[in-house]
Amino acid sequence: MIITISREFGSGGREIGKRLADELGLAYYDGEIITLIAKETGMSEEYIQNISEKGVYPYTYQFAKSFLNSSPVQNSQIQVLVKQNEIIKKIAQKGNCVIVGRAANAILKGEDTIDLFIYADMKSKVARCKQKADENENLSDKELEKKIIEVSKNREKFHNVVSNEEWGKKENYDLCINTSGVDIKSIITPLRMYIENWFRRN
């Protein structure tokens, strides 16, 4: 059982992923993937995280696999991209896991996965970001909206590096979940039941 979760920033996708993993007894991968990339490349986790969040990859994945530009910065970006794809595929080979983000749905295209996309209206995303914010982070609603849009666009850009399918388009996922005004805890059990039935269909 492999569950991939793509999500808009502030939609609660990470919480859904962690709670589903706990409910189903599955391995959970999110920031853990950054740690694995750092271990295998020798780069810092902060640097790898920055590349992932900024969406600065200069090439498509197929091009990156076959060619390394002479620029050291671009080389390191490509190395992170290729290593991330390798690690996600290795994780999937072990089975029984939840993978949040990292374009895992595109990387594992054709595998026996259930691909979720989590989204919400802006009001709910702002409220959720405020609830989860560090005590030293005091962004206004307008500033949060700008951050939400920026992070989600970067996630879309990264997804487009490894896939020709449109990020967030319902046809490219097995289940899309609108978390606007929803208590995440309340949907985990019915979602678990849905997922279990999904895998039984085969």
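Along every chain, residues carry numbers that run from 1 in the direction the sequence is written. With pLDDT at 70 or above as the cut-off, local features in this predicted model cover only qualifying residues; side-chain atom pairs require 80 or more to be listed or tallied, and sums for whole chains, interfaces and linings still use all residues. Calculated side-chain values reflect all of the structure's heavy atoms, with hydrogen atoms and water omitted.

1. Some thoughts on the overall build of the chain
Here is step 1 of the chain: By the criteria applied, helices consist of DSSP H or I runs no shorter than four residues and strands consist of E runs no shorter than two, each listed in order from the N terminus. If you tally the helices and strands in the chain, you get 9 helices and 5 strands.
Here is step 2 of the chain: Starting at the N terminus and ending at the C terminus, the chain contains elements arranged as β-α-β-α-α-α-α-β-α-β-α-α-β-α.
Here is step 3 of the chain: Using a 1.4 Å probe on the protein chains alone, a residue whose accessible area is under 20% of its type maximum counts as buried, one over 50% counts as exposed, and one in between counts as partly exposed. Looking at the chain as a whole, 48% of its 202 residues are labelled buried.
Here is step 4 of the chain: We call two residues in contact when some of their heavy atoms are within 4.5 Å. Counting only contacts in the chain whose residues sit at least 6 apart along the sequence, the fraction spanning at least 24 positions is 71%.
Here is step 5 of the chain: In the form shown here, the chain has an accessible surface area of approximately 10800 Å², with 48% of it arising from carbon and sulfur atoms. Surface accessibility in these figures is a Shrake-Rupley result with a 1.4 Å probe; residues are shielded only by whichever protein chains are displayed.

2. Remarks on the environment of N96
Here is step 1 of the chain: Mapped onto the elements of the fold, N96 is located in the loop between α5 (72-94) and β3 (97-100).
Here is step 2 of the chain: A relative accessible area of 43% means that N96 is categorised as partly exposed.
Here is step 3 of the chain: Between the C-alpha atom of N96 and that of A27, which follows or precedes it by 69 residues, the distance is 6.5 Å.
Here is step 4 of the chain: Apart from the residues lying within four places of it in its own chain, the contact partners of N96 are M1, I2, L26 and A27.

3. Quick word on the packing of helix α7 (residues 122-132) against helix α8 (residues 141-162)
Here is step 1 of the chain: Where α7 contacts α8, the two axes come as close as 10 Å, and the packing angle between them is 105°. Comparing the axis directions of α7 and α8 gives the class roughly perpendicular. Side by side, α7 and α8 meet where M122, K125, V126, C129 and K130 of the first sit next to D141, L144, E145, I148 and I149 of the second. Interaxial angle, 0 to 180 degrees, is taken between N-to-C directions of lines fitted to C-alpha atoms, where a helix line uses only the stretch in contact. Each angle is binned into one of four classes, with values under 35 degrees roughly parallel, values over 145 roughly antiparallel, values of 65 to 115 roughly perpendicular, and all other values oblique.

4. So, the nonpolar core
Here is step 1 of the chain: Membership of the largest hydrophobic core comes to 24 residues, with the highest contact counts inside it found for I33, I48, I88, I91, I99, L108 and V162.
Here is step 2 of the chain: Of all the elements in the fold, those that place two or more residues in this core are α2 (31-41), α5, β3, α6 (104-107) and α8.
Here is step 3 of the chain: Apart from the residues lying within four places of it in its own chain, the contact partners of I99 are I3, T4, I5, Y29, I33, I88, I91, A104 and L108.
Here is step 4 of the chain: Listed in part, the 22 residues of the second largest apolar core include L20, V100, L116 and I187. We define a nonpolar core as any set of buried Ala, Val, Leu, Ile, Met, Phe, Trp, Tyr and Cys residues linked to one another through side-chain atoms lying within 4.5 Å.

5. Considering the pairing of strand β5 (residues 175-178)
Regular strands place side chains that alternate from one sheet face to the opposite one.
Here is step 1 of the chain: What you see with β5 is a clean split: L175 and I177 sit on the buried side and C176 and N178 on the side with no burial.
Here is step 2 of the chain: Taken together, the 4 bridges between strand β4 (residues 113-119) and β5 define a ladder with parallel strand orientation. Among the inter-strand pairings, L116 is bridged to a residue of β5, identified as L175. Any two strands are treated as partners once DSSP identifies two or more bridges connecting them.

6. Re the sheet that holds β3
Here is step 1 of the chain: A sheet is described by the order of its strands in space; here 5 strands give the open sequence β2-β3-β1-β4-β5, paired in parallel fashion. Single-partner strands in this sheet number two, and they are β2 (27-29) and β5. Taken over all neighbouring pairs, the strand axes of this sheet differ in orientation by 20° on average, direction set aside.
Here is step 2 of the chain: Lying over the sheet, helix α1 (residues 13-24) contacts β1 (2-7), β2, β3 and β4, oriented at roughly 165° with respect to β1.

7. Structural notes on the packing of α1 against helix α9 (residues 184-200)
Here is step 1 of the chain: Relative to each other, α1 and α9 sit at 60°, their axes nearing to 10 Å. With respect to each other, α1 and α9 are oriented oblique. The two elements α1 and α9 cross, and the hand of that crossing is right-handed. Residues E15, I16, R19, L20, E23 and L24 of α1 lie in contact with α9, whose contacting residues are I184, K185, I187, I188, T189, L191, R192, I195 and E196.
Here is step 2 of the chain: Here the residues of the contact of α1 with α9 are counted per class, giving 8 nonpolar, 1 polar and 6 charged. In this scheme the crossing of two helices becomes right-handed for a clockwise turn of the near helix relative to the far one and left-handed for an anticlockwise turn of less than a right angle. Amino acids are sorted into nonpolar (Ala, Val, Leu, Ile, Met, Phe, Trp, Tyr, Cys and Pro), charged (Asp, Glu, Lys and Arg) and polar (every other residue, Gly among them).

8. Quick word on the side chain of E8
Here is step 1 of the chain: Turning to its location among the elements, E8 is positioned in the loop between β1 and α1.
Here is step 2 of the chain: Pairs of N or O atoms within 3.5 Å make up the polar contacts considered here, provided that, within protein, one atom can donate a hydrogen while the other can accept it, and that residues adjacent in sequence are counted only when both atoms are side-chain atoms. Within polar-contact distance, the side chain of E8 engages the backbone nitrogen of A120 at 3.3 Å.
Here is step 3 of the chain: Within the structure, E8 has its side chain in polar contact with the side chain of K125 (distance 2.8 Å).
Here is step 4 of the chain: Contact partners of E8, with chain neighbours within four places excluded, come to F117, I118, Y119, A120, K125, S152, R155 and W167.

9. Remarks on the packing of aromatic side chains
Remark: the centre distance and the inter-plane angle together describe each pair of aromatic rings, the angle taken between the planes.
Here is step 1 of the chain: Put simply, two rings from Phe, Tyr or Trp (the six-membered ring, in Trp's case) pair if the centres are within 6.5 Å, and we call them stacked under 30 degrees between planes, edge-to-face over 60, tilted for the rest. Following the criterion strictly, the structure yields 3 aromatic pairs and no others.
Here is step 2 of the chain: Ring centres 6.5 Å apart and planes at 25° place the aromatic pair F117 and Y119 in the stacked group.
Here is step 3 of the chain: On the numbers, 5.1 Å between centres and 45° between planes, the contact of F117 with Y173 is tilted. Taken together, the positions of F117 in strand β4 and Y173 in the loop between α8 and β5 put the pair 56 residues apart, joining distant regions of the chain.

10. Some words on α7
Here is step 1 of the chain: Buried residues of α7: S124, K125, V126, R128 and C129, and no others.
Here is step 2 of the chain: On the buried face of α7, the contacting elements are α8 and α9.

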